[in-house]
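# A look at the structure
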Amino acid sequence: MNNVRASAPGKIILFGEHFVVRGNHAIAGSIGLRAYVSSREKRDWPLIIESRNLGMQARVYLDKGKLKAKTGHIEVFRPFIQILERLRETGKIQPAIITIDSEIPVSAGLGSSAASAAAFTASYGRLLGFTITREFLLEMSYEAERVVHGKPSGIDNTIVVEGGVILYSREEGYQRISVDMNNGRLIIADTGVRRRTGDVVLDVLELYDRHERVFDAIYRAAEEVVRESIPALERGELDVIGELMNVNQGLLYSIGVSNERIEKLLHVARNEGALGAKLTGAGRGGSIIALATDENAGRIKSRLLENAPWSGIGEFGVEGVKIEED
Ligand code: MEV
């Protein structure tokens with residue numbers, strides 16, 4: 001029986017999260033933690049989706065041409081069921097056992113939902129005999145992101161599909177940036193605080209509507225941060241990148257998405273010699289990133305670990321979605 005295994009990387013947003021939702025540019029990079037999805041043919045319905053990390057599963061039945069899911073954890077599986085729904089419209093859907101196994105911490109702002117959705121599409125889509133194009137992966141993983149939060153900019157699913165480092169905007173799509181990390185290292189730390197991206201995004205949009213002129217100015221500043229960061233990233237000017245990360249964090253603070261746990265980790269990182277540090281992703285929890293020289297990175301990571309459940313020195317700009325085994 002056929003078995004297809006695919007994977008997709010997690011991501012960090014280097015500059016411009018939230019601002020990107022209203023059309024600004026942002027910069028994202030893939031990281032060395034991956035979500036793996038295996039799809040194995042099965043003779044009869046139900047189709048089974050299981051999450052190894054969460055120890056949960058959903059059983060999906062095809063009943064009179066419609067998909068019906070049985071699971072005690074509908075929220076967890078809804079994005080995947082949405083992908084199945086789209087595939088059902090093509091008439092090609094078949095039963096299978098689909099297993100999700102991810103190295104990416106969940107709800108930590110590191111793209112676990114987008115990566116699982118992209119790897120799910122690649123793995124199960126291939127099992128069904130679809131040609132796995134970038135367009136197909138982007139479309140399906142965007143559908144899944146829309147279920148997770150109502151107004152995704154598209155940056156999360158784009159970076160996990162494409163990999164590398166990208167400049168992204170809703171209107172222009174993405175363009176690759178070649179980053180010279182020089183002797184710089186990115187340290188990631190998880191606050192351990194879980195939150196829903198959609199809720200934070202909606203709060204920011206509401207605050208924008210209440211203070212439009214002030215927020216316009218903040219959004220313009222955020223766009224400048226991204227613009228100035230591009231040559232600095234290309235030339236490996238770590239001091240400039242770090243300064244701009246700190247400025248970006250100030251802007252994120254002003255739109256209400258930082259919190260005490262985040263600020264604590266940022267101060268720990270900066271006090272230990274980080275060149276810059278900011279939250280990454282939706283904020284109000286999730287993860288932070290800190291930029292440091294190679295010599296300082298290990299020490300900063302150790303200090304962060306005294307205050308965070310998880311921290312790692314990120315491999316950065318890795319390959320996007322790939323079929324591992326076919
Ligand atoms: C989440 O990783 C990034 C946000 O900007 C939301 C989005 O762009 O869809 C907060």
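Position numbers for residues count from 1 along each chain, tracking the sequence in the order it is written. It should be noted that, the model being predicted, local features are given only for residues of pLDDT at least 70 and side-chain atom pairs only at 80 or more, the latter also being counted only at that level, while totals for whole chains, interfaces and linings use all residues. Hydrogen atoms and water are omitted, and side-chain values are computed over all heavy atoms in the structure.

What follows concerns the packing of aromatic side chains. Any pair of Phe, Tyr and Trp rings, taking the six-membered ring for Trp, is counted once the centres come within 6.5 Å. Such a pair is stacked with planes under 30 degrees apart, edge-to-face with planes over 60 apart, and tilted for the rest. With the rule as written, the count across this model stands at seven aromatic pairs. Ring geometry for Phe 19 versus Tyr 219: centroids 4.9 Å apart, planes at 85°, classification edge-to-face. One end of the pair, Phe 19, is in the loop between β1 (3-15) and β2 (26-41); the other, Tyr 219, is in helix α6 (residues 212-235), and 200 residues separate them in sequence. Note on Tyr 219: relative accessible area 4%, which makes it buried. Seen from their ring centres, Phe 215 and Tyr 219 are 6.3 Å apart, and the 35° between their planes marks the pair as tilted. Of this pair, Phe 215 and Tyr 219 are both found in helix α6, four residues apart, which corresponds to roughly one turn of the helix. Taken individually, Phe 215 and Tyr 219 each receive the classification buried, so the pair is uniform in this respect. Sitting above the plane of the Tyr 61 ring, Lys 70 keeps its charged end 5.1 Å from the centroid. Lying over the aromatic face of Phe 130, Lys 92 brings its terminal NZ or CZ to 4.6 Å of the ring centre. Only DSSP runs of H or I reaching four residues or more are called helices, and only runs of E reaching two or more are called strands; each is numbered from the N terminus. Summary of the burial criterion: residues with accessible area below 20% of their type's maximum are buried, those above 50% are exposed, and those between are partly exposed, where the area comes from a 1.4 Å probe applied to protein chains only. Geometrically, a lysine NZ or arginine CZ counts as sitting over a ring once it is within 6 Å of the ring centre and also within 35 degrees of the ring normal.

Here the focus is the nonpolar core. In this text, buried Ala, Val, Leu, Ile, Met, Phe, Trp, Tyr and Cys residues form a nonpolar core when linked through side-chain atoms within 4.5 Å. Judged by nonpolar contacts, the single largest core of 106 residues is most densely connected at Phe 15, Ile 27, Ile 49 and Tyr 124. Where each domain starts and ends comes from a domain assignment, either automatic or drawn from a database. Per-domain counts for this core show at least three residues from each of domain 1 (3-174) and domain 2 (181-314). Throughout, a contact is declared for two residues whenever any of their heavy atoms are within 4.5 Å. Setting aside residues up to four positions removed in sequence, Ile 49 forms contacts with Met 56, Gln 57, Ala 58, Val 60, Phe 77, Phe 80, Ile 81, Leu 84, Ile 98, Ile 100 and Phe 120.

Bringing the domain arrangement of the chain into the picture now. Domain annotation for the chain reports domain 1 (3-174) and domain 2 (181-314). Here the C-alpha centre of domain 2 lies 25 Å away from the C-alpha centre of domain 1. With 26 residues of domain 1 in contact, the opposing surface of domain 2 contributes 42 residues. For the pair domain 1 and domain 2, the summed buried area comes to about 2700 Å², and 70% of that belongs to carbon and sulfur atoms. Joining two parts hides part of their accessible area as seen by a 1.4 Å probe, and the buried area is that hidden amount summed over both. Ranking the residues of domain 1 by area buried against domain 2 places Phe 15, His 18 and Phe 19 at the top, with a combined share of 29%. Salt bridges, as used here, are contacts in which a Lys or Arg side-chain nitrogen is within 4 Å of a carboxyl oxygen on Asp or Glu. Scanning the region where domain 1 abuts domain 2 turns up one salt bridge.

So, on to a negative patch on the surface. Taken together, the side chains of Glu 206, Asp 209, Glu 212 and Asp 216 define an acidic patch exposed on the protein surface. At the level of elements, α5 (197-210) and α6 are the ones that each hand at least two residues to the negative patch. Note that Glu 212 resides in helix α6. Patch membership is restricted to residues that have no salt bridge and whose relative accessible area is over 30%. Joining uses 9 Å for like charges and 5 Å for the nonpolar side chains Val, Leu, Ile, Met, Phe, Trp and Tyr. Working definition of accessibility: Shrake-Rupley area with a 1.4 Å probe, residue cover restricted to the visible protein chains. For the charge count, each Lys or Arg is scored as positive and each Asp or Glu as negative, with His and the chain ends excluded. Where a charge lies is defined by one atom per residue type, namely NZ (Lys), CZ (Arg), CG (Asp) and CD (Glu).

With that settled, consider the sheet that holds strand β10 (residues 276-280). Only when DSSP finds a minimum of two bridges between them are two strands counted as paired. Pairing within the open sheet is antiparallel, and its four strands lie in the order β10-β11-β9-β12. Bordering the open sheet on either side are β10 and β12 (310-314), each of which pairs with just one other strand. Each neighbouring strand pair of the sheet contributes to a mean axis angle of 25°, computed without reference to strand direction. Taken together, the five bridges between strand β9 (residues 184-190) and β12 define a ladder with antiparallel strand orientation. By the bridge assignment for β12, Leu 186 is matched with Gly 314. Only the stretch in contact is used when fitting a helix axis, every axis being a line fitted to C-alpha atoms; angles between N-to-C directions are given from 0 to 180 degrees. On top of the sheet, helix α7 (residues 238-254) reaches β9, β10 and β11 (287-293); it is set at about 45° to β10, its chief contact. Lying on the sheet, helix α8 (residues 260-271) is in contact with β9, β10 and β11; it crosses β10 at an angle near 155°.

So, about the environment of Ser 178. Note on placement: Ser 178 falls in the loop between β8 (173-176) and β9. Along the primary structure Ser 178 and Pro 231 are separated by 53 residues, whereas in three dimensions their C-alpha atoms are 9.9 Å apart. Residues in contact with Ser 178, not counting those within four places in the same chain, are Leu 233 and Glu 234.

One heavy atom within 4 Å of a molecule or strand makes the whole residue count as near it. Close contacts around the ligand come from 14 residues, with Lys 11, His 18, His 149, Ser 153 and Asp 156 the closest. Under this definition, polar contacts are N or O atom pairs within 3.5 Å; protein pairs additionally need one hydrogen-donor-capable and one acceptor-capable atom, and for neighbouring residues in sequence, both atoms have to be side-chain atoms. A distance of 3.3 Å separates an oxygen atom of the ligand from a polar side-chain atom of His 149. Measuring from an oxygen atom of the ligand, one finds a side-chain N or O atom of Ser 153 at 2.6 Å. Coverage of the ligand by the protein amounts to 98% of the 300 Å² it exposes when considered alone. Of all the secondary structure elements, the ones that give two or more residues to the shell around the ligand are β1 and α4 (155-162). Two domains each put at least three residues into the shell around the ligand: domain 1 (3-174) and domain 2 (181-314).

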